[in-house]
Amino acid sequence: MKVLSVNAGSSTLKFRLYEMPEEKVLMKGAIERIGLDGSHYSITIGEEKIKKELPLKNHKEAVDALLKELVSTGLIKSLDEIGAVGHRIVHGGSLYSKSVVLEDKVIEEIETLSDLAPLHNPANLVGVRAFKEAIPTALQVGCFDTAFHQTMEKADYLYPVPYAWYEKYGIRKYGFHGLSHKFISEKMMELLNKKNPNLIICHIGNGASLSAIQEGKCIDTSMGFTPNA
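Presented here is an overview of the structure given in this document. Computed from a prediction, not measured in an experiment: that's the story for all the values here.

Rules and cut-offs
Residues numbered from 1 in each chain as written. Predicted model: local features only at pLDDT ≥ 70, side-chain atom pairs only at ≥ 80, totals over all residues. Heavy atoms only, no water. Helix = DSSP H or I, 4+ residues; strand = E, 2+ residues; numbered from the N terminus. Expected span 1.5 Å × (residues − 1). Buried < 20%, exposed > 50% of the residue type's maximum accessible area, 1.4 Å probe, protein only. Contact = heavy atoms within 4.5 Å. Core = buried A, V, L, I, M, F, W, Y, C linked by side-chain atoms within 4.5 Å. Axes fitted to C-alpha atoms, helices over the stretch in contact; angles between N-to-C directions. Parallel < 35°, antiparallel > 145°, perpendicular 65-115°, else oblique. Left-handed = near helix turned anticlockwise from the far one by under 90°. Nonpolar A, V, L, I, M, F, W, Y, C, P; charged D, E, K, R; others polar. Pairing = 2+ DSSP bridges. Phe/Tyr/Trp six-rings, centres within 6.5 Å; stacked < 30°, edge-to-face > 60°. Lys NZ or Arg CZ within 6 Å of the ring centre and 35° of its normal.

A rise of 1.5 Å per residue sets the reference length of helix H3 (residues 121–134), with its 14 residues, at 20 Å; its end C-alpha atoms lie 20 Å apart and thus fit the reference within 8%. For H3, every residue scored as buried is listed here: Asn121, Ala123, Asn124, Leu125, Gly127, Val128, Ala130 and Phe131. In this structure, the buried residues of H3 make contact with strand E1 (2–8), strand E2 (13–19), helix H1 (59–72), strand E6 (82–89), helix H2 (104–112) and strand E8 (139–144).

Put into structure tokens, the structure is as follows:
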């Protein structure tokens, strides 16, 4: 089965196509400047790199361009070959501690969390809706960047501010880069040949964060309510 992994930003769409269960990367790439002048995309298939400039007004047009490219290159003969699409969703609040199927109720709940991630959740959902429309036969799954950190104890995720702020506005430490921290945690279990190791994990990229892992579970993290706290 082929699985498409996507990360929709406000003006970008990053993606990879996998052959499962082999976890073989068939294609990877990104579409940039969606809805802006100079929109373009680049796709890598094996050693071949495809780069094109193409006016793309919105994410639906970007998704359509991507899927058309997959068919034209022969990676897939039909969109029905894509059995699932995994979406990176930045904020799941305290609602989600694992990946879930993106049913209508879940999408509505993700929308209610947009105030906590105004630059990310709305863009993520634009991508979700575009793929649901383009490939209605595929299972759409949301993978939350906050989920891995939901094992923190209340004493560790609450801030020393009025408790009403937490109750009314959701002010608390959520933790981010969770998909990266989860991957590293699982990889270290494999490398150390240890089921539940104690770890300090460093995610270093455009943003950076640390996580303290005790017996395989996150007990604290440096990025809390925002990148600054």
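Membership of the largest hydrophobic core comes to 29 residues, with the highest contact counts inside it found for Leu4, Leu13, Met27, Ile31, Leu66 and Phe131. Within the residue set of this core, elements represented by two or more residues are E1, E2, strand E3 (24–32), strand E4 (40–45), H1, E6 and H3. Non-local contacts of Phe131, meaning those with residues more than four positions away in its chain, are made with Leu4, Val6, Leu13, Val63, Leu66, Leu67, Val85, His87 and Gln140. Listed in part, the eleven residues of the second largest apolar core include Tyr96, Val100, Val128 and Phe144.

It is worth spelling out the packing of H2 against H3 at this point. Think of two packed helices as two axes; the pair is described by the angle between the axes and how far apart they sit. Between H2 and H3, the least distance of the axes is 9 Å, while the angle of their chain directions is 160°. As the angle between them shows, H2 and H3 are arranged roughly antiparallel. When you trace H2 past H3, the crossing you get is left-handed. Two secondary-structure elements touch here, H2 through Ile107, Ile110 and Glu111 and H3 through Asn121, Leu125, Val128, Arg129 and Lys132. A class-by-class count of the residues in the contact of H2 with H3 yields four nonpolar, one polar and three charged.

With that settled, the discussion passes to the sheet that holds E1. Taking strand neighbours across the sheet as the criterion, the eight strands line up as E5-E4-E3-E2-E1-E6-E8-E7 in an open arrangement whose pairing is mixed. The open sheet is flanked by strand E5 (48–53) and strand E7 (100–101), the only strands paired with a single partner.

Here the residue pair Met20 and Pro21 is connected by a cis peptide bond, since its omega of 10° sits within 30 degrees of zero. With a phi angle near 60°, Glu23 is a residue other than glycine that sits in the positive phi range. Within the secondary structure, Glu23 is located in the loop between E2 and E3. Given a relative accessible area of 57%, Glu23 falls into the exposed group. In the Ramachandran plot, Arg33 falls in the positive-phi region, its phi being about 60° despite a non-glycine side chain. Of the residues examined, Arg33 reaches a relative accessible area of 39% and is grouped as partly exposed.

Time to look at the environment of Leu67. Take Leu67: it is sitting in helix H1. Residue Leu67 is classed as buried on the basis of its relative accessible area of 4%. For the pair Leu67 and Glu133, spaced 66 residues apart in sequence, the C-alpha separation works out to 12 Å.

Moving on to the packing of aromatic side chains. The final tally for this structure, using the stated rule, is four aromatic pairs. Measuring from centroid to centroid gives 6.4 Å for Tyr174 and Phe225, while their planes differ by 35°, and the two rings are tilted. Placement of Tyr174 in the loop between helix H5 (163–169) and helix H6 (178–192) and of Phe225 in the segment after strand E11 (217–221) is noted, with a sequence separation of 51 residues between them. By relative accessible area, Tyr174 is classed as buried at 4%. Aromatic ring contacts, followed pair by pair, group Tyr157, Tyr163 and Tyr166 into a single cluster. A cation over a ring is seen here: Arg172 above Tyr157, with NZ or CZ 3.6 Å from the ring centre.

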